[in-house]
Structures are given as C-alpha cells and as structure tokens.
Amino acid sequence: MTETTDAPDKTGTTGTEEWSPPQQKLSPHAISLWRVSAILYNVIGFVVLAALLILDSVYDWRPWIGWILWGVTVISAGYAVWDIFLQPVWLYRYWFYGVNAEFVQLKHGALNKVHQVIPMAKVQSVSTNQGPLMRKYGLYSVSIGTMGSSHHIPALPEDVALALRNQIADYARINEVDE
C-alpha cells in the first residue's frame, strides 16, 4: 500500500498537477502599441533637448553646457532606436503568462529573466485597464493585486482580458460588489 501526499517532490510538482512554465502569449498588437508609446515619449524628449539647444545658442551659455546637450542628444538618438525598433519585439517575444486553479505565473525578460508565481490564495483583487493608446488597438491590461504588490499582464485582446479577469476572480474567490 502506497501513500500519496500533496507535498512537492524534487521536480516542484504536488502530485495532483504537473508544474509547467506559462505558455500564453500577449497580443501581437502589443508591438505596435509599445512602438507608438515609445515614439511619443522620445518625441517629447527630443523637443525638450531641441529647446535647450536653441536656448544654448541664443543665450550663449558656457561651452561645456552645449557639449553636454549634444552628447545627451546623441545618446538619446541611440536609445530611441532601441526603444522604438528593438525593445518592443524583445518584450513580446519573452512575455508569457499562465493561470490555473492554484497559481498565476508571469514570465518575462530576455537578459534579466523574471518568473513570478502568485498563489491564488494571495490574490485580493483583479481588474482590467485600458488607456487611450490601448483602446486604439483594442487591448487591455490585467492587474492582479496581492497584499504586498500589484502584478500586470499587459496588452491582451478584450475578450481574452475579460475572460482572464473573471477566471482569476473565480479561482481566487473574489466576489463582485455592485454599488
């Protein structure tokens, strides 16, 4: 006669459910969303730098200030290439999530890999968010609140985000309160 326990074994499984890394991907529109967002932020930064460079030439500030401004401009141009063209593709390629009755798993990052496992028992709230840019692409983000922090799954299609929110709320036994 053999006994079965729910204690984790050496592979990280409880015996009742196989432990596997998350497999769900974000919406492919996330790349476009992140690119547009990066373009907006970089344009604002370059407008500020242009204004400072104009003020430098008009008011003839000390020479070292002009050199620093031009150096920041060159570095910002290189960062803009990364931020607009490369980073959104990397973010999309390495962002995964998974939900089951016991855990929410979030896995992201290429260089700095992060794999978060959030027990359903610790989930206190779950919500969907949509800003103006996300609305343009029909995307939502799902926010999962625990006692100590908040976790986000960005850029999901509307139907997936709403179903995921309801599924997590059901697993975590969060009741909706109508006011």
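Look a little higher up for the structure.
Procedures and definitions
Residues numbered from 1 in each chain as written. Predicted model: local features only at pLDDT ≥ 70, side-chain atom pairs only at ≥ 80, totals over all residues. Heavy atoms only, no water. 1 Å grid on protein atoms, 1.4 Å probe; cavity = no way out; pocket = protein on both sides within 12 Å on 5 of 7 lines; lining within 4 Å. Points joined across faces, edges and corners; volume = space filled by probe spheres on them. Helix = DSSP H or I, 4+ residues; strand = E, 2+ residues; numbered from the N terminus. Nonpolar A, V, L, I, M, F, W, Y, C, P; charged D, E, K, R; others polar. Pairing = 2+ DSSP bridges. Contact = heavy atoms within 4.5 Å. Axes fitted to C-alpha atoms, helices over the stretch in contact; angles between N-to-C directions. Core = buried A, V, L, I, M, F, W, Y, C linked by side-chain atoms within 4.5 Å. Buried < 20%, exposed > 50% of the residue type's maximum accessible area, 1.4 Å probe, protein only.

Draft legend 1. Quick peek at the layout of surface pockets. Taken as a whole, the second largest pocket holds about 210 Å³ of empty space. Every residue lining the second largest pocket is listed: Trp82, Gln87, Trp90, Leu91, Tyr94, Trp95, His108, Gly109, Ala110, Leu111, Asn112 and Val114. Of all the elements, helix 2 (residues 63–93) adds the most residues to the lining of the second largest pocket, at four residues. Along the lines of polarity and charge, the residues of the lining of the second largest pocket split into eight nonpolar, four polar and no charged.

Draft legend 2. Structural context of the sheet that holds strand 2 (residues 96–99). Within the open sheet, the four strands sit side by side as 1-2-3-4. Their pairing is antiparallel. Pairing within the sheet leaves two strands with one partner each, and these edge strands are strand 1 (24–25) and strand 4 (114–119). Across four bridges, the pairing between strand 2 and strand 3 (residues 103–108) is antiparallel. Its bridge partner lying in strand 3, Tyr97 is registered against Leu106. Sheet strands touched by helix 4 (residues 158–172): strand 2 and strand 3. Its angle to strand 2, the strand with the most contacts, is close to 45°.

Draft legend 3. Geometry of the pairing of strand 2. As paired strands, strand 1 and strand 2 are joined by two bridges and run antiparallel to one another. Each bridged residue has a counterpart across the sheet, and for Lys25 the counterpart in strand 2 is Phe96.

Draft legend 4. Quick peek at the nonpolar core. Formed by 28 residues in total, the largest nonpolar core has its most connected members in Leu26, Tyr97, Val142, Ile144, Ile153, Leu156 and Ile168. If you list the elements that add at least two residues to this core, you get helix 1 (29–59), strand 3, strand 5 (123–129), helix 3 (132–137), strand 6 (139–146), strand 7 (150–157) and helix 4. Sort the elements by how many residues they give to this core and helix 4 lands first, with five residues. Residues in contact with Ile144, not counting those within four places in the same chain, are Val104, Val123, Ser125, Val126, Ser149, Ser150, His151, Ile153 and Ile168.

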